[in-house]
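Coordinate analysis (summary)
Okay, here's what each chain looks like letter by letter:
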Amino acid sequence: MPSANSYSNSASNAKSSYLVLLVLIFVATNYVHARLHFQKAQVRQSTVSNEAPPMYPHIFLSMGHTLGFIFNNPDFLKKASLYAGKLTSSKIRVFGKDLYLFQDRETVTKLWKAHSLSSPIKFYVHVLRHLFGMDERAIATYKADNSGPFLKQFPGSSVKHNNRIDHLTHEGFKRAFSGPGLAPMTHRYMKILDKKLCESLKGSGWNDMPDLLEFFRMVHGAALLEVVFGPSLIKVNPTFLRDIWEFDDSTPLLARLVPKFLVPKPYERRQNLHRQFRRWYAYARQHFSETCIYDDGDGDPYWGSELIRYQQRMYLGADGFNDDSLAAADLALVWGTLGNAIPTTMLSVYHVFKDPCLLHRVRYNLQSTFNGTPSTEIDPCILIQDPLLSSVQAETLRLYVNVCVMLSSPHSDIALGRWWMPKGAVGLVHSGITHKDGNFWNTKDGAQPVDSFWADRFITDPADPASGPTRDPAVRQAHASFGKPSFSLQGLEASWMPYGGGNAICPGRLLAKRVTLFTIALMTKDYDIEFSSDPIQLGSMKFGMGVDKPKKPIPFRIRKRHSS
Ligand code: HEM
């Protein structure tokens with residue numbers, strides 16, 4: 001006979017099962033309701049305008065989409081921005097906060113033009129604090145700066161000129177990377193890279209190397225670092241470059257806000273880099289004088305460039321800044337300068353050498369344009385007009401760059417056509433999603449899929465009606481009118497966005513293009529490179545901060561060419 005105890009056990013089991021069932025019914029009903037709401041809003045949006053994007057349905061009531069966002073970032077965001085096979089906009093909830101994910105072309109085009117989204121201070125504060133370790137006194141100056149990036153302050157702002165950190169920072173970047181600093185920086189890169197490449201190889205035969213990325217990080221990375229920061233930074237800190245790349249490898253953890261007590265290494269690396277910057281400041285302050293500035297009017301052996309001399313004056317003149325805060329800002333700048341430019345240049349070079357036919361075309365074009373001109377005397381203004389090289393770089397950025405641009409409008413709601421973005425909300429646009437939109441990009445009827453490299457994707461050839469970057473008829477129109485095969489990014493702003501967009505677009509993009517194109521030219525003209533046949537596979541941890549690392553080393557061999 002069953003005992004009283006076993007009766008009470010089975011009664012309590014039945015009670016628990018009943019409770020679980022109730023919870024499941026509640027969750028399922030909620031989910032179905034959310035799904036219907038999402039679908040209704042998406043359909044309604046084709047006729048009605050000015051409505052905030054609807055919440056993408058989720059099961060975990062308190063967690064929202066946090067797990068998918070943190071652990072499966074690119075795939076989750078892709079799912080959340082598709083409706084009926086097309087890119088759209090939606091709302092997601094991460095750590096209890098609503099984020100707007102804008103991915104359809106119409107909305108993104110409007111976002112890049114919205115004046116009031118041009119100062120993503122919230123984003124700068126988040127990144128400077130969590131990634132680069134800026135102290136709270138300097139962060140407070142950023143937070144208080146509501147004056148905007150332009151010369152004229154936003155209405156209602158009365159921030160003192162020395163604390164207009166957003167405007168002053170961007171002025172410096174503009175002058176350095178797209179104004180008077182661009183040509184001297186490009187020429188310095190050409191000279192320094194040529195020298196460092198020669199020094200890195202032994203003898204005239206093949207040199208076997210264990211990893212292409214490591215080679216680019218240490219040789220090309222050293223060249224680009226010296227262009228902006230000069231030779232003294234490394235001279236007084238011999239391990240700086242290695243430490244920076246180790247820091248780069250830690251950024252996925254810092255971006256996910258993994259606390260120091262769980263994983264102390266990234267925090268220690270960052271502290272160590274701050275110390276190295278401070279050591280360099282002391283050295284440069286002791287040795288620099290105006291007479292050291294190079295004949296190009298920009299570089300010098302201690303601070304490296306006018307940008308760094310300007311930043312020293314400007315940041316130290318702002319409230320709350322000291323050498324520690326300056327070190328955090330410089331760490332951000334070193335990382336921004338090298339972090340994506342070096343791996344994308346490496347990948348461009350990789351694709352050119354990997355395909356013998358492409359390599360032949362690249363060499364042939366360079367020979368026709370520059371004849372026997374030594375590589376370091378190539379005119380970069382002519383080089384960047386080469387459609388094939390430009391297309392190789394654009395295609396590399398399309399295929400590999402995953403950036404998640406953050407936007408916010410602190411003062412007003414923003415109308416974006418079909419959707420609007422509420423005042424104070426945070427918006428996201430993910431390049432990896434639009435870069436692989438099979439509805440937009442030309443795939444030559446599937447022969448050149450969006451997830452593979454096609455060197456000619458960005459070239460429009462008047463003799464080939466099926467050429468050109470897109471299948472969108474309205475955009476194709478803009479690309480069709482040139483007399484010979486040409487490269488153009490016109491009309492692609494809402495689909496090709498490795499550098500972000502709008503006023504906050506990457507200020508280094510012009511220099512990045514010159515760096516990549518010159519590197520391809522130098523290496524194809526003057527070197528032979530061979531790889532094993534294994535295809536390259538990249539990881540997926542970078543969390544919307546650019547290019548991921550290859551999962552495995554890429555062994556190769558390289559030798560100097562004797563006739564170029
Ligand atoms: C292929 C190479 C590069 C890629 C894909 C890239 C991408 C980006 C992106 C997506 C942003 C954020 C834009 C936004 O928030 O809307 C950015 C910002 C920035 N980039 Fe680049 N970048 C590259 C190369 C460079 C280079 C070579 C430099 C310097 C010489 C540079 C300097 C910067 C700086 C200073 C910022 C911060 C701008 C700010 O504070 O608003 N970047 N970059």
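Along each chain, numbering runs from 1 in the same order as the chain's sequence is written. Totals for whole chains, interfaces and linings use every residue, but because this is a predicted model, local features are given only for residues with pLDDT of at least 70 and side-chain atom pairs only at 80 or more, for both listing and counting.

1. Focus: the overall build of the chain
Quick note on the threshold: For helices the rule is a DSSP run of H or I covering at least 4 residues; for strands it is a run of E covering at least 2, with both sets numbered from the N terminus onward. Put simply, the radius of gyration uses C-alpha atoms, and a globule should come to 2.2 Å times the residue count raised to 0.38. Residues with at least 20 other C-beta atoms within 10 Å of their own are called buried, those with 12 or fewer are called exposed, and the rest are partly exposed. The C-beta atoms themselves are positioned from the backbone.
A count of helices and strands for the chain gives 21 helices and 14 strands. Radius of gyration (C-alpha) of the chain: 26 Å, near the 24 Å computed for a compact globule of 564 residues. Over its C-alpha atoms, taken along the principal directions, the chain stretches across nearly 95 × 60 × 60 Å. Counting only residues that meet the buried cut, the chain has 40% of its 564 residues in that class.

2. Observations concerning the sheet that holds strand E12 (residues 527–531)
Note the cut-off: Two strands qualify as a pair provided DSSP detects at least 2 bridges between them. For every element, the axis is a line fit to its C-alpha atoms; helices are fit only across the contacting stretch, and the angle between N-to-C directions ranges from 0 to 180 degrees.
The three strands are arranged E5-E14-E12 in an open sheet whose pairing can be described as antiparallel. Each edge of the open sheet is held by one strand with a lone partner, namely strand E5 (207–209) and E12. Ignoring which end each strand starts from, the neighbouring axes of this sheet average 20° apart. Relative to strand E14 (residues 556–560), E12 runs antiparallel, the two sharing five bridges.

3. Brief notes about the UniProt feature "binding site: heme" (unreviewed entry) in the chain
Operational definition: UniProt positions are given in the numbering used here, feature names are shortened, and annotations may be inferred rather than shown by experiment. Two residues qualify as being in contact provided that their C-beta atoms, derived from the backbone, are within 7 Å of each other.
What UniProt calls "binding site: heme" (unreviewed entry) maps, in this numbering, to Cys506. Mapped onto the secondary structure, Cys506 falls in the loop between strand E11 (486–487) and helix H21 (509–526). In contact with Cys506, other than residues within four places in its own chain, are Tyr499 and Gly500.

4. A closer look at the sheet that holds strand E13 (residues 545–546)
With mixed pairing, five strands are arranged side by side in an open sheet as E3-E4-E9-E6-E13. Edge positions in the sheet fall to strand E3 (89–94) and E13, since each of these pairs with one other strand and no more. As paired strands, strand E6 (residues 402–408) and E13 are joined by two bridges and run antiparallel to one another. Residue pairing across strands places Asn402 opposite Gly546, the latter belonging to E13.

5. Section: the site of the ligand
Note the following rule: Being near a molecule or strand means, for a residue, that its backbone-placed C-beta atom lies within 6 Å of it. Three residue categories are used. Nonpolar comprises Ala, Val, Leu, Ile, Met, Phe, Trp, Tyr, Cys and Pro, charged comprises Asp, Glu, Lys and Arg, and polar comprises the others, including Gly.
Residues in close proximity to the ligand total 23 residues, the closest being Gly336, Asn340, Gly500, Cys506 and Gly508. The element best represented in the shell around the ligand is helix H14 (residues 323–338), accounting for three residues. Among the residues making up the shell around the ligand, the classes are represented as 16 nonpolar, seven polar and no charged.

6. As for the pairing of strand E9 (residues 426–430)
Counting buried residues in E9 gives four out of five residues, a clear majority hidden from the surface. The sheet contact formed by strand E4 (residues 97–102) and E9 spans three bridges and is parallel. Considered in E9, the bridge of Tyr100 is made with Gly427.

7. Structural notes on the nonpolar core
Here is the rule we go by: Think of a nonpolar core as buried Ala, Val, Leu, Ile, Met, Phe, Trp, Tyr and Cys residues, each tied to the set through C-beta atoms within 7 Å.
The biggest cluster of nonpolar side chains holds 124 residues, and the ones touching the most others in it are Tyr189, Leu224 and Ile520. The element best represented in this core is helix H9 (residues 212–229), accounting for 10 residues. Residues contacting Ile520, with those up to four places away along its chain left out, are Ser348, Val349, Val352, Val362, Leu389 and Val392.

8. Some points on unusual backbone geometry
With phi around 50°, Phe95 is a residue other than glycine that occupies positive phi space. Mapped onto the fold, Phe95 is located in the loop between E3 and E4.

9. Section: the environment of Leu101
For Leu101, the position within the fold is in strand E4. Spatially, the C-alpha atom of Leu101 lies 5.9 Å from that of Lys91, the residues being 10 residues apart in sequence. Setting aside residues up to four positions removed in sequence, Leu101 forms contacts with Leu77, Ala80, Ser81, Ser89, Ser90, Ile92 and Leu428.

10. A short note on the packing of helix H8 (residues 182–200) against H9
We apply this condition: It is the rotation of the near helix from the far one that decides the hand of a crossing: anticlockwise by less than a right angle makes it left-handed, clockwise makes it right-handed.
Closest axis-to-axis distance for the H8/H9 pair is 9 Å, and the angle between their directions is 145°. By crossing handedness, the relation of H8 to H9 is classed as right-handed. Contact with H8, carried on its side by Met185, Arg188, Tyr189, Ile192, Leu193, Lys196, Leu197 and Ser200, involves Val219, His220, Ala222, Ala223, Leu224, Glu226 and Val227 of H9 and no other residues of that element.

11. A look at helix H16 (residues 356–370)
Heads up, the rule is: To estimate how far a helix should extend, the number of its residues minus one is multiplied by 1.5 Å.
In a regular helix each residue adds 1.5 Å, so 15 residues correspond to 21 Å; H16 covers 21 Å between its end C-alpha atoms and thus fits that length. Positive backbone phi, approximately 50°, marks Asn371, located one or two places after H16.

12. So, the environment of Ile414
Tracing the backbone shows Ile414 in strand E7 (residues 414–416). Residues Ile414 and Asp211, spaced 203 residues apart in sequence, show a C-alpha to C-alpha distance of 47 Å. Residues within four places of Ile414 in sequence aside, it is in contact with Ala114, Ser116, Leu117, Ser409, Trp420 and Met421.

13. Structural notes on the packing of H9 against helix H15 (residues 341–354)
To keep it simple, the criterion reads: Should an angle lie under 35 degrees it is considered roughly parallel, over 145 roughly antiparallel, and from 65 to 115 roughly perpendicular; all remaining angles are considered oblique.
H15 packs onto H9 with a crossing angle of 125° between their chain directions and a minimal axis gap of 9 Å. When the axis of H9 is compared with that of H15, the two are oblique. Regarding H9 and H15, the two cross each other, and that crossing is right-handed. Only Ala341, Ile342, Pro343, Thr345, Met346 and Tyr350 of H15 make contact with H9, whose side of the interface consists of Leu212, Leu213, Phe216, Arg217, His220, Gly221 and Leu224. Across the contact of H9 with H15, the residue classes break down as nine nonpolar, three polar and one charged.

14. Side note on H21
Taking 1.5 Å of rise per residue, the 18 residues of H21 would be expected to cover 26 Å, and the 25 Å separating its terminal C-alpha atoms lies within 8% of that figure. Extensive coverage of H21 is indicated by the burial of 14 of its 18 residues.

15. Looking at the environment of Tyr189
In this fold, Tyr189 is placed in helix H8. Discounting chain neighbours no more than four positions away, the residues touching Tyr189 are Ala223, Leu224, Val227, Val515 and Phe518.

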